[in-house]
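Each chain, letter by letter, is given below.
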Amino acid sequence: MSDPVLSVRNLTTHLTTPSGRITACDDVSFDLRSGEVLGLVGESGSGKTMTALSVLGLLPSGVGRVARGEIILDGTDLTKLSRRRLREIRGRDVGVVFQDPSSSLNPVMTVGDQVVEALAAHDADVSNASGMRRAVELLTLVGIPDPGSRVAQYPHEYSGGMRQRAMIAIAIANQPKVLIADEPTTALDVTIQAQVLDVLRAARRETNAGVILITHDLGIVAEMADRVAVMYAGRIVETGTVRDLFRNPSHPYTVGLLASLPLLSDMGARLQPIAGVPPSGTDIPTGCPFHPRCPLWRERIDCVEVKPPLRAVGDGHFSACHFLEEVPAAGLFAREGRT
Amino acid sequence: MTVVAASIHERAAAGEEILSVRDLVKHYPLLGGLLRNQIGAVHAVDGVSLDLRAGETVGLVGESGCGKSTLGRLILRLIEPTAGQIIFRGTDVTSWRGAEVRALRRELQIVFQDPLGALNPRRKVGDIIAEPLRIHGRYEDGGRERVFELLEHVGLEAVHAGRYPHEFSGGQQQRIGIARALALNPQVLVLDEPVSALDVSIQAQVINLLEDLQRDFGLSYIFIAHDLSVVRHVSDRVAVMYLGKIVEFGDRADIYQRPTHPYTKALLSAVPVPDPDHVAAEGRIILEGDVPNPAHPPSGCRFRTRCWKAQPVCGEQEPALVARGHGWTSACHFPEGERSEDNT
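About the thresholds
Every chain is numbered independently, its residues counted from 1 as its sequence is written. Just so you know, chain letters begin at A and ligand numbers begin at 1, following the order they were written in. Local features in this predicted model are restricted to residues whose pLDDT is 70 or higher, and side-chain atom pairs enter the listing and the counts only when it is 80 or higher, whereas totals over whole chains, interfaces and linings include all residues. Processing note: side-chain calculations cover all non-hydrogen atoms of the structure and skip hydrogens and water entirely. The way it works is that DSSP assigns letters per residue, a run of H or I at least four long becomes a helix, a run of E at least two long becomes a strand, and they are numbered from the N terminus. With a 1.4 Å probe rolled over the protein chains alone, any residue whose accessible area is under 20% of its type maximum counts as buried; one over 50% counts as exposed, and the rest are partly exposed. What makes two residues a contact is simply this: any of their non-hydrogen atoms within 4.5 Å. Note on areas: these come from Shrake-Rupley sampling with a 1.4 Å probe, and a residue is covered only by the protein chains present in the view. By the counting rule applied here, Lys and Arg register as positive and Asp and Glu as negative, while His and the ends of each chain are not counted. We put the charge of a Lys on NZ, of an Arg on CZ, of an Asp on CG and of a Glu on CD. Strands are labelled as partners when DSSP assigns at least two bridges between them. The predictor attaches a confidence to each residue, called pLDDT, with possible values from 0 through 100.

**Observations regarding the overall build of chain B**
When helices and strands are counted, chain B shows 12 helices and 12 strands. With the C-alpha coordinates of chain B rotated into their principal frame, the extents come out at 65 × 55 × 50 Å. Per-residue burial for chain B yields a buried fraction of 55% across its 344 residues. In chain B, the proportion of contacts linking residues at least 24 apart, taken out of those at least 6 apart, comes to 65%. About 14,500 Å² of surface is accessible on chain B, with carbon and sulfur atoms providing 50% of the total. Charged side chains of chain B number 37 positive and 44 negative; the gap between the two group centres comes to 5 Å.

**Thoughts on the pairing of strand β11 (residues 311–314) of chain A**
All names here are of chain A. Two strands pair when backbone bridges link them, and β11 and strand β12 (residues 317–319) are joined in this way by three bridges, in the antiparallel orientation. Paired with Arg311 across the strands is Ser319, a residue of β12. The antiparallel pairing of β11 with β12 creates a hairpin that spans two residues between the two strands, and Gly316 there sits at a positive phi of about 75°.

**Notes on the confidence of the model for chain A**
In the predicted model, chain A carries a mean pLDDT of 91, and the fraction of residues at 70 or more is 95%. Residue range residues 330–339 of chain A is modelled with pLDDT below 50. Its contacts to residues more than four positions away, or to other chains, number 31 contacts.

**Some points on the confidence of the model for chain B**
Residues and elements named next belong to chain B. When pLDDT is averaged along chain B, the result is 91; 95% of the residues meet or exceed 70. Per-element averaging of pLDDT across chain B places helix α1 (residues 2–8) at the bottom with 63 and strand β8 (residues 220–224) at the top with 98. Of the regions scoring below 50 in pLDDT, residues 339–344 engages in eight contacts with residues more than four places distant in sequence or in other chains. The ipTM, which scores confidence in the relative placement of chains, is 0.88 for this predicted complex, and the corresponding pTM is 0.91.

Right under this line is the structure:
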């Protein structure tokens, strides 16, 4: 297997808030290889976006801080770099697509100028003319109709789906090694989402970048990802191939998420929700953060006192559960819970 | 009118038609020019007919701008229709005013998508739930106990009445919104994206709650959502909307297993399936382009600009809703899988 292009080791990120310090990422480790899609899934507040912002060096300043761990991109530890060096790498080696394209694009610059700006920021030799030619190529690649004239338009003249295509064009302008897409289709309608997911696939083929796809939608994960990491309360609780996760889920939280989903094939069989609510950043339970909601807990002391480490379930398949041998594929959430 | 108003307050028997809308239209004027004259209209809802039976759930699906939320608000008389009729329990309530609308509100209630935005942040939960009782003069007579009972119905506790909305999680806030909607013991709830803002594990809790309440109180639901999997789960019948019109309406099984309108088919095909081994039977249909501007909908069939089957006739003639089976209609000149047998 090839060396990872990005290797995150024991990443711990703190946020300072008025109500106290939050551990947004707690000992997060994963590898990303060129050309693969790693799905990062979890519910709101699980730490997916903070993991991405840590990698990008874009934690809110004065609030967020990488407290521990390494983020190694192609042999360089990003946590050791100055803000200036980091800025050079961001946009060249790491591209990013956020959920809301309207707030990521500059409203008073044409889309073409924004692509040229991204190119010129990392390559002093880019002229306006060669940059514009490249911009038209990129807009063509992401499927913007009539790119020759669209390149001179402003973001407000684009539809939501087209803006997200333009964001992807900018993100891949410099052939990045890593592309981070944070809920890239959450704001879009389902038929437009299908278009944009197709564009993301094309962008990965074109650049051979490793893609971190952050989403709460398990359908998108199943469709797009090669491997998956499931996050809960700042920790990765299970990781493996897409097939491992969906066919042989080995953490009670993953099993619970899958049982909560209404399926297109289902005809009204009762859903099996997870009891309770995800913890907020300031009151994460001790030991295994999932234990108060876990049907396997049964008052056992280990779950309350010891943070379970990731243990191998199979080749490349890990689960952070003290009692993962007890996780059956079905029936775990037979009794319904209520908040 | 008093006689009529009294009859709407009787509980409908299961299966009886409780609510119907006929050719409902809502146009929003577009103003322009120096004198702010009307230069056009946004066709938010453009000739929709729909019926709801007691005890059932009708799902309304479609993408942003298709008019599903506007339709929900028209039914509640929160906004005035441009044309058409709203009939509740056999009585045309379209032109009802003032006290009559208040009487209607006892039977028709709405739950919104954003629970926190729909709850007054400065009032305690008990007061929020009691408000409809006070407005309708029902608080004095056992209102306090009714609030506790409602909290229990939605899976909360009496102690919660003394807290403020921000002290609750998103799922609990939605439960509070549901308790308020149930306060006057209505017969119909319009649920406008009730679980879209919630995380997956919480979404399932609220869906189960809505199912329990429907069974326990014989409620009828209009369930508006963009999530096709959720709509399939909760609905008995489903209406698919596109640019202000219903393009297909029928039983859940028909709509999801044998869609006849190309838009329904494309919409279902676009949903990512949480199964890595899933392969779409006929490959994924990816529609081109965006939904057209509802101020200038295409001539003829509104879907034709994105439809792979479009022919010249589609631009010239608007397809009517045609029966495809028992109570199943769709509006397409070239429907999918034309079935030879007709099971009416």
